[in-house]
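Descriptive analysis of the structure
Chain by chain, the residues run as shown.
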Amino acid sequence: SPPPPPSDTPLLGWSESAVQQVALPERVYSADYAQRGQLLAAAGGGGMVTVLGMPGQAGGECAELLSFKGHKGWVGNVQFAGDQRLLSAANDGQLVLWDLSKARGGRPRLISQLEPQSGGIFAMHEAGGRVLTASKDGTVALSMLADDCLRPGASWDELHSGVIKSVCWRD
């Protein structure tokens, strides 16, 4: 596995020549792209999350910037919350906010963590600081993201009688 970028190097300043080998998590369940930072996050089996630097020009190669075990179970969703922040939600029931600019040893700094539901989280969507999560126990939860902190909000447990596999805010 290639070495991680230096801990004092922000991901927005990645270099294509730094790393050329790319390894995605086993069974990718979710991916998100941060256009300004040209970053791609992919997550899935084994609790793994990988962040790639995307080439700025056609024909360039992807560069693996971080690859880390972020959860105890598979990761159902990842979503960028700004250029250097990443949300992840997983089967361990955890919703986590990571600071990608503060990576050490190939792992970003954990900023905030919350367990909005007792069951594993299948789906997540953040918009305007509001984070919806959906669980395999049939619940939907609303969490708030403000000042780099995840806070619990409302929870609904009688919306469905089974697994909820998708949630999305509408404009």
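Below: a short report on this structure. No experiment lies behind these values; they were computed from the predicted model shown.

Focus: unusual backbone geometry
One non-glycine residue, Asp147, adopts positive backbone phi at about 50°. With respect to the element layout, Asp147 can be found in the loop between β11 (140-146) and β12 (149-156). Classification of Asp147 by relative accessible area gives exposed; the value is 76%. Positioned with a positive phi, Asp148 is a non-glycine residue whose angle comes to about 60°. One can find Asp148 in the loop between β11 and β12.

Considerations on the packing of aromatic side chains
Scanning all chains against the criterion turns up three aromatic pairs. With 5.8 Å between their ring centres and 65° between their planes, Tyr29 and Trp74 make a pair best called edge-to-face. Here Tyr29, found in strand β1 (residues 28-34), pairs with Trp74, found in the loop between β4 (63-69) and β5 (75-80); they are 45 residues apart in sequence, far enough to count as distant. Note on Tyr29: relative accessible area 43%, which makes it partly exposed. Note on Trp74: relative accessible area 24%, which makes it partly exposed. Taken together through their ring pairs, the aromatic side chains of Tyr29, Trp74 and Phe122 make up a single cluster. The side chain of Arg130 reaches across the aromatic face of Trp169, ending 3.7 Å from its centre.

Parameters at a glance
- Residues numbered from 1 in each chain as written.
- Predicted model: local features only at pLDDT ≥ 70, side-chain atom pairs only at ≥ 80, totals over all residues.
- Heavy atoms only, no water.
- Helix = DSSP H or I, 4+ residues; strand = E, 2+ residues; numbered from the N terminus.
- Buried < 20%, exposed > 50% of the residue type's maximum accessible area, 1.4 Å probe, protein only.
- Phe/Tyr/Trp six-rings, centres within 6.5 Å; stacked < 30°, edge-to-face > 60°.
- Lys NZ or Arg CZ within 6 Å of the ring centre and 35° of its normal.

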